[in-house]
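Residues per chain, in single letters:
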Amino acid sequence: MCNYILIVTRASLQVTARVVTDARWNVTFADTITKLYEDTARLIEDSQVIVLDHYGSDDCSKYIIQLQDECVRQARGVINNFLQIRNVLDMVVYTSSMADETNDVKKIDQILDEMVTMNARAELYINFIQRKLKNATTSMEWDAAIRTLQQETMGHYIALETYFMKTSINKAVSMETKEKNSLVSSLVDDICFVVQKIINRSLNSKNSDAICAMINNSISSLSLDVCGQLGDTVANGYPNVNTFSWQQGTDEQVQAQKDKFFTSLNNCYGLSENVNKLRKGFELKCDKFYSDKSQLDKILSCIHGFGDVYNDFKEVVKKGEHVICKLALYPKLHPVLAEFASSSHVITEVFIIMIVLAEFASSSHVITE
């Protein structure tokens, strides 16, 4: 049985190495490792009853673990081929410093999809083996090798996904546009699209460690990079009407500065609302697809961090409102309030007579019988 797994996997890898132009080339390693897990599960399913009847439960468990060990050895071979042919390790080295801008982001996106699929298939396979070894005394030992393999793969995934996220966010900032009569710029939708794509992809991996890592990285990037930059613009961006025009620049420059200030302020408001919607959507998806309570609680505790990002954006909005009041509203209200304060507000007899005459003038004076 172990030789069968070996022969079939090697044959699949040979086909994978040759067919570069195949339509499923971008997911060929995910297909290969899926076939490996399915073939191993089929062998166990078909032969378990026979082995159990002739050799007993203990030997049946040993038989399953023996097949499982061979499956993991072949899975490692598939992963090693994947890392080599997809050039993953070199990408991880380059992207760790964020210094290599020549990496094809689209290619990385495809690799990330394949890595997530491979890990999700591994989780399904592990759950299958756990059910088969539910009552075995060795059921806590067999999964160490495959868990280690998953950990290594997901470590590469987190590094590449973080690079993909930061690169995409930087691109969204650099290519920011604003349509005429729009209150917000393209930044609001683009940033939320990137975050949603990344978190949803990590959720599909079924790996709680990878999910929590990408949630935390997304929260950090939103808070420090996006909110921090918008906050600086809002704090310093509104022109002071009390300064002389030569200090502020031309009228066009002043208006451009005002537009930038209000766009950043509205972007903060829009992002705060979208982040809140994303948080609720992620929570609903986790409740629906994750039945393990310990893992679910672990993921939800990380997702709750989006509430802090929501508060960060709202805090910037409050500071922006304070800046508007200080630099735009108060200077206009101050002369009016000063004039009001300088007038006498003591009620005199003359004032009362004027009120009575005013009421008399506004009432009907038609004389009737």
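Each value, and the rule that gives it
- Residues numbered from 1 in each chain as written.
- Predicted model: local features only at pLDDT ≥ 70, side-chain atom pairs only at ≥ 80, totals over all residues.
- Heavy atoms only, no water.
- Helix = DSSP H or I, 4+ residues; strand = E, 2+ residues; numbered from the N terminus.
- Salt bridge = Lys/Arg side-chain N within 4 Å of Asp/Glu carboxyl O.
- Buried < 20%, exposed > 50% of the residue type's maximum accessible area, 1.4 Å probe, protein only.
- Core = buried A, V, L, I, M, F, W, Y, C linked by side-chain atoms within 4.5 Å.
- Contact = heavy atoms within 4.5 Å.
- Arc of directions from axis to C-beta.
- Phe/Tyr/Trp six-rings, centres within 6.5 Å; stacked < 30°, edge-to-face > 60°.
- Axes fitted to C-alpha atoms, helices over the stretch in contact; angles between N-to-C directions.
- Parallel < 35°, antiparallel > 145°, perpendicular 65-115°, else oblique.
- Nonpolar A, V, L, I, M, F, W, Y, C, P; charged D, E, K, R; others polar.
- pLDDT = per-residue confidence, 0-100.
- Left-handed = near helix turned anticlockwise from the far one by under 90°.

1. Quick look at the environment of Tyr 94
Inference 1: Positionally, Tyr 94 belongs in helix α3 (residues 88-96).
Inference 2: Separated by 69 residues in the primary sequence, Tyr 94 and Tyr 163 have C-alpha atoms spaced 9.7 Å apart.

2. Here's the deal with the pattern of salt bridges
Between side chains of opposite charge, a pair can form when the charged atoms approach closely.
Inference 1: Using the criterion set out here, one finds 16 salt bridges in the structure.
Inference 2: A salt bridge links Glu 114 to Arg 86; the nearest nitrogen and oxygen atoms lie 3.0 Å apart. With a gap of 28 residues between them, Glu 114 in helix α4 (residues 105-132) and Arg 86 in the loop between α2 (28-85) and α3 connect regions that are remote in the sequence.
Inference 3: Relative accessible area serves as the criterion here: at 0%, Glu 114 is assigned to the buried category.
Inference 4: Overall, Arg 86 belongs to the buried group, its relative accessible area being 6%.
Inference 5: One salt bridge connects Arg 279 with Glu 283, and the closest N-O pair in it is separated by 3.2 Å. Here the residue Arg 279 and the residue Glu 283 both occupy positions in helix α9 (residues 251-289), the gap between them amounting to four residues, near one helical turn. Here Arg 279 and Glu 283 have matching classes, each one buried.
Inference 6: Here the residues in one salt-bridge network are Asp 109, Asp 113, Glu 161, Lys 197 and Arg 201, joined through shared partners.

3. Looking at the nonpolar core
Inference 1: With 89 residues, the main nonpolar core has Leu 160, Ile 215, Ile 299, Phe 306 and Phe 313 as its most contacted residues.
Inference 2: Per-element tally for this core: the top contributor is α2, with 20 residues.
Inference 3: If sequence neighbours within four positions are ignored, Ile 215 has contacts with Ile 199, Ile 299, Cys 302, Ile 303 and Phe 306.

4. Notes on helix α10 (residues 293-303)
Inference 1: Within the span of α10, buried status applies to Leu 296, Ile 299, Leu 300, Cys 302 and Ile 303. For α10, the angular spread of buried residues about the axis comes to 155°, placing them on one side. In α10, the exposed positions angled more than 90 degrees off the buried face are occupied by Lys 293 and Ser 294.

5. Some thoughts on the packing of aromatic side chains
Inference 1: All told, the structure shown has four aromatic pairs when counted by the stated rule.
Inference 2: Relative to Phe 82, the ring of Phe 29 lies with its centre 5.7 Å away and its plane at 75°, an arrangement referred to as edge-to-face. The pair Phe 29 / Phe 82 is uniform in exposure class, with both members buried.
Inference 3: Between Phe 282 and Phe 306 the ring centres are 5.8 Å apart and the planes differ by 45°, which places this aromatic pair in the tilted class.

6. Some words on the packing of α4 against helix α6 (residues 187-204)
A packed helix pair is summarised by two numbers, namely the angle formed by the two axes and the spacing between the axes.
Inference 1: Where α4 contacts α6, the two axes come as close as 8 Å, and the packing angle between them is 30°. Considered as vectors, α4 and α6 are oriented roughly parallel to each other. Facing Asp 109, Leu 112, Asp 113, Val 116 and Ala 120 of α4, the residues of α6 in contact are Lys 197, Arg 201 and Asn 204.
Inference 2: Taken together, the residues of the contact of α4 with α6 sort by class into three nonpolar, one polar and four charged.

7. A word on the confidence of the model for the protein
Inference 1: Across the protein, the average pLDDT comes to 81, with 76% of residues at or above 70.
Inference 2: When the elements of the protein are averaged for pLDDT, helix α8 (residues 245-248) gives the smallest value, 49, and α6 the largest, 95.
Inference 3: Predicted confidence for residues 364-369 stays below pLDDT 50, and this span has one contact to residues more than four positions away or in other chains.

8. Some remarks on the packing of helix α5 (residues 144-174) against helix α7 (residues 208-236)
Inference 1: Where α5 meets α7, the axes come as close as 10 Å, and the angle between the chain directions of the two elements is 25°. Looking at the two axes, α5 sits roughly parallel to α7. Handedness of the crossing formed by α5 with α7: right-handed. Listed contacts from α7 to Met 154, Tyr 157, Ile 158, Glu 161, Thr 162, Met 165, Lys 166, Ile 169 and Val 173 of α5 are Ala 210, Ala 213, Met 214, Asn 217, Ser 218, Ser 221, Asp 225, Val 226 and Gln 229.
Inference 2: Within the contact of α5 with α7, the residues separate by chemical class into ten nonpolar, five polar and three charged.

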